[in-house]
Amino acid sequence: MSLSLRNKNVLVTGGSRGLGACVVQRFAAEGANVVINYVSAADRAEALAKQVREEYGVKALVICADVGSDAECKRLVKETVEGLGGLDVIISNAGWTKVSDWKDLYALGEEEWDKCWAVNVKANLHLLRAALPTFNANPDGGSLLITSSIAGIQTFGSAMAYSVSKAAGLHLMRCLAYTQGPKVRVNAVQPGLLMTEWGRNFPEEAIERTRERSKLKVAPTVEECADAFVLMAKSSSMTSSTLKIDGGLYT
């Protein structure tokens, strides 16, 4: 069954720019109220909230919180429920990495490995823990949707810590889906290299090489990935699923 997103309440972490901002726009276009979470891009978050309020007539709130902290995740969910009057969907999109040499096992220190783990893995658990009473009380339950990466299934990506954390996040997704049904659905989208501001930090030759290696000779877009989140949020029968969007880079 396809669920309507009209008047549903949606929290998007890392929602002020890039894929997160596009996800906010796609859900608002469906008639959903949104919370735009950010850490540092306050002006962008406020501008995006203003835009979707005016364009789609939905509620749009802005909340600053670092999802790498359990306490901040709890506060973020609490303020979302209070501000919107409920919570139906979480898009756990915020992530962290630092480009580094995979061959150098000391390229990232303990704090950097820990930050990757906190933001890319544990945040998913902390957000769901905080939202679980609300999800279980909802007539249609709730949906946790995770931004993963093809780095989670390949020895590839910006950093070894990032790849390992994304792999762990995928297994956590399956564990949560296995244990939290029937009221909670947990799924993930795995983008390839997206041409966001962050993606454009890679050298142009590396970007072109990645595009040429893909079977379709294209790079995925944030719009395609955002649409995948909408599809998953609408589904009442999809859980423990991943959707890889990489132009056929890895088949």
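This is a predicted model, so every value here is computed, not measured. (Residues numbered from 1 in each chain as written. Predicted model: local features only at pLDDT ≥ 70, side-chain atom pairs only at ≥ 80, totals over all residues. Heavy atoms only, no water.)

(A) Seen up close, the environment of Ala28. Note on placement: Ala28 falls in helix H1 (residues 18–29). With 21 residues separating them in the primary sequence, Ala28 and Ala49 have C-alpha atoms 9.8 Å apart. For Ala28, the contacting residues outside a window of four places in its chain are Val34, Val52, Tyr56 and Val58. (Helix = DSSP H or I, 4+ residues; strand = E, 2+ residues; numbered from the N terminus. Contact = heavy atoms within 4.5 Å.)

(B) Molecular detail of the nonpolar core. Ranked by size, the top nonpolar core spans 33 residues in total, and within it Val10, Val23, Phe27, Val52, Ile91 and Phe229 carry the most contacts. Put simply, the parts of the chain that give this core at least two residues each are strand E1 (9–12), H1, strand E2 (33–38), helix H2 (42–56), strand E4 (89–92) and helix H7 (222–234). Considering each element in turn, this core owes the most residues, 8 residues, to H7. Look past the residues within four positions of Phe27 in its chain and what remains in contact with it is Leu5, Val10, Ala32, Val34, Val89, Ile91, Phe229, Val230 and Ala233. (Core = buried A, V, L, I, M, F, W, Y, C linked by side-chain atoms within 4.5 Å. Buried < 20%, exposed > 50% of the residue type's maximum accessible area, 1.4 Å probe, protein only.)

(C) Local environment of the side chain of Ser158. Tracing the chain through its elements places Ser158 in the loop between strand E5 (142–147) and helix H5 (160–180). On the basis of relative accessible area, Ser158 is assigned to the buried category, the value being 4%. Of the polar contacts made by the side chain of Ser158, one reaches the side chain of Thr97; its length is 2.6 Å. (Polar contact = N/O pair within 3.5 Å; in protein donor to acceptor, adjacent residues only side chain to side chain.)

(D) The arrangement of the pairing of E2 in detail. For E2, a buried count of 6 out of 6 residues is recorded, marking the element as mostly surrounded by other parts of the structure. A two-sided burial pattern is seen for E2, the buried positions comprising Asn33, Val35 and Asn37 on one face and Val34, Ile36 and Tyr38 on the other. Taken together, E1, H1 and E2 form a β-α-β motif whose crossover is right-handed. The sheet contact formed by E2 and strand E3 (residues 60–64) spans 5 bridges and is parallel. Looking at the pairing, Tyr38 lines up with Cys64 of E3. (Right-handed = clockwise from strand over helix to strand, strands pointing away. Pairing = 2+ DSSP bridges.)

(E) Just empty space enclosed by the protein, in detail. Under the criterion given, the structure shown has 2 cavities of 30 Å³ or more. As a volume, the second largest cavity reaches approximately 70 Å³. Forming the boundary of the second largest cavity are Leu3, Ser4, Leu5, Lys8, Asp88, Val89, Asp140, Gly141, Gly142, Ser143, Arg185 and Ala233. Its residues assigned to classes, the lining of the second largest cavity shows 4 nonpolar, 4 polar and 4 charged. (1 Å grid on protein atoms, 1.4 Å probe; cavity = no way out; pocket = protein on both sides within 12 Å on 5 of 7 lines; lining within 4 Å. Points joined across faces, edges and corners; volume = space filled by probe spheres on them. Nonpolar A, V, L, I, M, F, W, Y, C, P; charged D, E, K, R; others polar.)

(F) Up close: the pattern of salt bridges. Evaluation of the coordinates by the stated rule reveals 10 salt bridges. Glu30 is paired through a salt bridge with Lys234; the nearest N and O atoms lie 3.1 Å apart. Here Glu30, found in the loop between H1 and E2, pairs with Lys234, found in helix H7; they are 204 residues apart in sequence, far enough to count as distant. The class for Glu30 is partly exposed, based on a relative accessible area of 27%. (Salt bridge = Lys/Arg side-chain N within 4 Å of Asp/Glu carboxyl O.)

Read these as spatial facts, not as claims about activity.
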